Amino acid sequence: MLGSIRLLSLFCVFGGLMTMASAHRTENHEFRPPGEGDIRSPCPFLNTLANHGYVPRNGKNVTIRDVVDGGREGFNVGPNFLKVVGKKGYLTSPYIDSFDLNHLNLRGCIETDASLTRADAFFAPNDTNLAFNETVYQTLASSNPGVDYYNITSAGWVLQARLNDSLANNPELVNGPKEIFNRAGASALYLSVLGDPKAGTVPKKFVDTVFREERMPDIYGWRKSEIVIDLDIVLPLAQAIQAASNWIPTGGAYPGQQELVLFSG
Ligand code: HEM
Ligand SMILES: *[C@@H]1O[C@H](CO)[C@@H](O)[C@H](O)[C@H]1NC(C)=O
Ligand SMILES: *[C@@H]1O[C@H](CO)[C@@H](O)[C@H](O)[C@H]1NC(C)=O
Ligand SMILES: *[C@@H]1O[C@H](CO)[C@@H](O)[C@H](O)[C@H]1NC(C)=O
Ligand SMILES: *[C@@H]1O[C@H](CO)[C@@H](O)[C@H](O)[C@H]1NC(C)=O
Ligand SMILES: *[C@@H]1O[C@H](CO)[C@@H](O)[C@H](O)[C@H]1NC(C)=O
């Protein structure tokens, strides 16, 4: 009797160790680009998390829990931002409580025109704007010439330049307060998650690696922030970037939605 209890508890301990060991064995967070059938998003950072196995590598049935845990483990991004954007993610999906990464490309929920790395839906219909576009990225990649970092000034200039391009060429552009909030917020995220969240500066190499290759830039010396990147950090940075962009609303509406009423003065 005593013996079998001992044997049982030995099995429990051993079983527990086995589970831990196999979890580590199956996911070492190495970089592996998406394979056949894997799904990716319009978000370079989510794709990076998927390419390193911090969220499901197949990009399917992703939950808020997945992005809260994966975003913290991979980038030390805080739960307050990830819960809000994760909920918006559910709204893009036909599933009840998860999404596939491509669902996030739904126009007007999180996705906007005048992005940093993706063409406007108008120029790349049928979700072809899911993928990174080097032509679009050239605006950011060539910003802040002469130095090896991006900062708040250059991030604001890039937002303005990308918007100018859409204003000139995209007759279906939507450019209201929600859009600039999302766009400036995303810019604050690349400065803070990859760079110095206090100074708002980031080595160009780190940003270019995540955007172009959807790969963690630790191979170039990047280390995950020691402080949690949460809304307390992101929102003030986003405000500074928006101010530097001299943004003005021009309205527009998504199909099926009401035209935004713009106030003048
Ligand atoms: C882990 C932390 C995250 C960071 C640092 C981050 C950062 C970014 C950045 C910098 C962009 C701009 C890309 C561009 O303009 O081309 C972006 C776009 C986007 N992100 Fe994330 N993101 C994160 C998590 C998430 C999550 C959890 C979701 C949804 C569940 C999400 C959904 C999106 C979407 C839909 C876009 C496309 C917006 C557009 O049209 O440009 N992101 N993100
Ligand atoms: C994802 O969720 C959907 C809807 O609940 C389900 O039909 C599908 O089988 C799931 N896919 C995977 C890979 O788990
Ligand atoms: C990339 O973006 C440019 C500029 O919007 C567009 O003309 C081009 O068609 C896009 N390329 C792809 C493959 O979508
Ligand atoms: C997009 O999809 C629609 C419907 O399937 C098709 O008629 C159209 O030709 C597609 N456009 C492009 C540019 O692929
Ligand atoms: C950003 O960098 C440029 C180039 O060094 C510099 O002129 C500008 O003042 C910097 N902006 C901030 C906010 O430090
Ligand atoms: C955007 O367009 C405005 C108005 O034409 C111009 O003053 C500004 O310099 C442009 N900004 C960029 C970054 O190209």
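Our structure is the block above this text.
Summarised in this report is the structure supplied together with it. (Residues numbered from 1 in each chain as written. Chains lettered and ligands numbered in written order. Predicted model: local features only at pLDDT ≥ 70, side-chain atom pairs only at ≥ 80, totals over all residues. Heavy atoms only, no water.)

Observations regarding the overall build of the chain
No. 1: Looking only at helices and strands, the chain features nine helices and two strands.
No. 2: Here the chain, with 265 residues, has 45% of them falling under the buried criterion.
No. 3: For the chain, the exposed surface amounts to about 14000 Å²; the carbon and sulfur share of it is 59%. (Helix = DSSP H or I, 4+ residues; strand = E, 2+ residues; numbered from the N terminus. Buried < 20%, exposed > 50% of the residue type's maximum accessible area, 1.4 Å probe, protein only. Areas by Shrake-Rupley, 256 points an atom, 1.4 Å probe, with all protein chains shown as cover.)

Some points on the layout of surface pockets
No. 1: Taken as a whole, the largest pocket spans an internal volume of roughly 1100 Å³.
No. 2: For the largest pocket, the lining is made up of 43 residues, of which Cys 43, Phe 81, Ile 110, Ala 186 and Leu 189 are closest to its centre.
No. 3: Sorting the residues of the lining of the largest pocket by element identifies α2 (44–51), α3 (64–75), α4 (79–91), α7 (177–194) and α9 (231–244) as the ones contributing at least two each.
No. 4: Broken down by element, the residue count for the lining of the largest pocket peaks at eight residues, all from α7.
No. 5: Classifying every residue of the lining of the largest pocket by side-chain character gives 28 nonpolar, 10 polar and five charged. (1 Å grid on protein atoms, 1.4 Å probe; cavity = no way out; pocket = protein on both sides within 12 Å on 5 of 7 lines; lining within 4 Å. Points joined across faces, edges and corners; volume = space filled by probe spheres on them. Nonpolar A, V, L, I, M, F, W, Y, C, P; charged D, E, K, R; others polar.)

So, unusual backbone geometry
No. 1: Even without glycine at this site, Asn 144 takes up a positive phi of about 50 degrees.
No. 2: By the element assignment, Asn 144 lies in the loop between α5 (134–141) and β1 (149–150).
No. 3: At Asn 246, a residue that is not glycine, the phi angle is positive and equals roughly 50 degrees.
No. 4: Within the secondary structure layout, Asn 246 lies in the segment after α9.
No. 5: On the basis of relative accessible area, Asn 246 is assigned to the exposed category, the value being 56%.

Observations regarding the coordination of the iron atom of ligand 1
No. 1: There is one protein donor for the iron atom of ligand 1, and it is Cys 43 (SG), at 2.3 Å.
No. 2: With respect to the helices, strands and loops of the structure, Cys 43 is situated in the loop between α1 (2–26) and α2. (Donors = N, O, S within 2.8 Å, 3.2 Å for Na, K, Ca; no water.)

Describing the side chain of Ser 115
No. 1: With respect to the helices and strands, Ser 115 occurs in the loop between α4 and α5.
No. 2: The exposure class of Ser 115 is buried, given its relative accessible area of 17%.
No. 3: Here the side chain of Ser 115 touches Thr 112 through a polar contact of 3.1 Å, landing on its backbone oxygen. (Polar contact = N/O pair within 3.5 Å; in protein donor to acceptor, adjacent residues only side chain to side chain.)

Details of helix α8 (residues 204–213)
No. 1: Among the 10 residues in α8, seven count as buried, and that is most of the element.
No. 2: Here α8 has its buried residues at Lys 204, Phe 206, Val 207, Asp 208, Thr 209, Val 210 and Phe 211.
No. 3: Residues of α8 that are buried sit in contact with α2, α5, β1, α7 and β2 (202–203).
No. 4: With its phi angle positive at about 50 degrees, Glu 214 sits one or two positions after the end of α8. (Contact = heavy atoms within 4.5 Å.)

Structural notes on the packing of helix α6 (residues 152–169) against α9
No. 1: Running from N to C, α6 and α9 cross one another at 60 degrees; their axes reach a closest spacing of 7 Å. In terms of axis orientation, α6 runs oblique to α9. Judged by the twist between their axes, the crossing of α6 over α9 is right-handed. Where α6 abuts α9, its residues Ile 152, Thr 153, Ala 155, Gly 156, Trp 157 and Leu 159 lie against Leu 237, Ala 240, Ile 241 and Ala 244.
No. 2: A class-by-class count of the residues in the contact of α6 with α9 yields eight nonpolar, two polar and no charged. (Axes fitted to C-alpha atoms, helices over the stretch in contact; angles between N-to-C directions. Parallel < 35°, antiparallel > 145°, perpendicular 65-115°, else oblique. Left-handed = near helix turned anticlockwise from the far one by under 90°.)

Description of the nonpolar core
No. 1: Core analysis: the largest hydrophobic core is formed by 50 residues, its most contacted members being Phe 75, Tyr 190, Leu 194 and Phe 211.
No. 2: Within the residue set of this core, elements represented by two or more residues are α2, α3, α4, α5, α6, α7, α8 and α9.
No. 3: Counting residues per element, this core draws most heavily on α7, which supplies eight residues.
No. 4: When near neighbours in sequence (up to four residues on either side) are disregarded, Phe 75 contacts Phe 45, Thr 48, Leu 49, Gly 70, Val 193, Leu 194, Met 216, Trp 222 and Lys 224. (Core = buried A, V, L, I, M, F, W, Y, C linked by side-chain atoms within 4.5 Å.)

Quick notes on the packing of aromatic side chains
No. 1: Scanning the entire structure with this criterion turns up eight aromatic pairs.
No. 2: Taken together, a centroid distance of 5.5 Å and an interplanar angle of 85 degrees make the contact between Tyr 137 and Phe 211 edge-to-face. Linking Tyr 137 in helix α5 with Phe 211 in helix α8, this pair joins segments that are 74 residues apart in sequence. For the pair formed by Tyr 137 and Phe 211, the shared burial category is buried.
No. 3: Of the aromatic side chains, those joined through ring pairs into one cluster are Phe 45, Phe 75, Phe 132, Tyr 137, Tyr 190, Phe 211 and Trp 222.
No. 4: Over the ring of Tyr 220 we find Lys 205, and its NZ or CZ is 4.5 Å from the ring centre. (Phe/Tyr/Trp six-rings, centres within 6.5 Å; stacked < 30°, edge-to-face > 60°. Lys NZ or Arg CZ within 6 Å of the ring centre and 35° of its normal.)

So yeah, pure geometry; function would need other evidence.
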